[in-house]
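Observations on the model geometry
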Amino acid sequence: MERLYILNPYSSEHINLLMDYEQEHKVSTKSLETILKVRESLTEEEYKELKKSANEVEMSLFTEEAGKIKDLCFIQGEKDMRTCKMFFSPTPEKVRTRKLLNLATDFALNTLGMESVFVVTNSDDKTMHANLENCGYESLGLEKGSVIYLKERELEIVQHKHQ
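No experiment lies behind these values; they were computed from the predicted model shown. (Residues numbered from 1 in each chain as written. Predicted model: local features only at pLDDT ≥ 70, side-chain atom pairs only at ≥ 80, totals over all residues. Heavy atoms only, no water.)

This part is about the overall build of the chain. Scanning the chain from N- to C-terminus turns up 6 helices and 7 strands. The globule rule puts the C-alpha radius of gyration for 163 residues at 15 Å, and the 16 Å found for the chain is close to it. Principal-axis analysis of the C-alpha atoms places the extent of the chain at approximately 45 × 35 × 35 Å. Taking as baseline every contact in the chain between residues at least 6 positions apart, the subset at least 24 positions apart corresponds to 58%. By element, 50% of the accessible surface of the chain is carried by carbon and sulfur atoms, the whole surface being about 9,700 Å². (Helix = DSSP H or I, 4+ residues; strand = E, 2+ residues; numbered from the N terminus. Rg over C-alpha atoms; globule rule 2.2 N^0.38 Å. Contact = heavy atoms within 4.5 Å. Areas by Shrake-Rupley, 256 points an atom, 1.4 Å probe, with all protein chains shown as cover.)

Shown next, in the form of structure tokens:
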């Protein structure tokens, strides 16, 4: 069964899972780069304190199944503006539905308290575009070679009332 995790920069298990994921899929992720920087610049206690007090949100979420990362995304946002951007790892195999998209959206809106969630996608990733539209995201169009999608909290509330 697939489970959602917040990537812990101080967990050797999470780092190993991430390195295996990058190697297996032949990708380089912002997640690994970010957590390695955190590990070398902050103690775990300093990191936890900074997460509480900082206005910026930077974290990675992943789904894991059978001891492997199945999907991965990086969230970057601002608490005071209540907006964030999510960047999903490219998946080489054509995944028809990405469970992490719904899980990460729910996490950003309900756990992090964001009002607006933007997803930045590769302009030719038609499968991801279809997934985003099925999850109620609105396309804002092409910007610098990426297609930007938006989901706002108000839309989320309205959609739940109609289901």
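When the terminal C-alpha atoms of helix H2 (residues 30–41) are compared, their 17 Å separation across 12 residues agrees well with the 16 Å that a helix rising 1.5 Å per residue should span. Looking at the buried positions of H2, the neighbouring elements they touch are helix H1 (12–25), helix H3 (44–53), strand S2 (56–65) and strand S3 (68–78). (Expected span 1.5 Å × (residues − 1).)

Overall, mixed pairing links the 7 strands, which are arranged S1-S2-S3-S4-S5-S7-S6 in an open sheet. What marks the edges here is a single partner per strand, and that holds for strand S1 (3–6) and strand S6 (138–143). When the angles between neighbouring strand axes are averaged without regard to direction, this sheet yields 25°. As paired strands, S6 and strand S7 (residues 146–152) are joined by 5 bridges and run antiparallel to one another. Bridge pairing in S7 places Leu142 opposite Val147. This element, H1, spans S1, S2 and S3 of the sheet and lies at about 105° to S3. (Pairing = 2+ DSSP bridges. Axes fitted to C-alpha atoms, helices over the stretch in contact; angles between N-to-C directions.)

Let us now look at the packing of aromatic side chains. Taken as a whole and assessed by the stated rule, the structure comprises 2 aromatic pairs. Centre to centre, the rings of Tyr5 and Phe62 are 5.3 Å apart; their planes meet at 20°, and the pair counts as stacked. Taken together, the residues Tyr5 in strand S1 and Phe62 in strand S2 connect sequence positions 57 residues apart. Overall, Phe62 belongs to the buried group, its relative accessible area being 1%. (Phe/Tyr/Trp six-rings, centres within 6.5 Å; stacked < 30°, edge-to-face > 60°. Buried < 20%, exposed > 50% of the residue type's maximum accessible area, 1.4 Å probe, protein only.)

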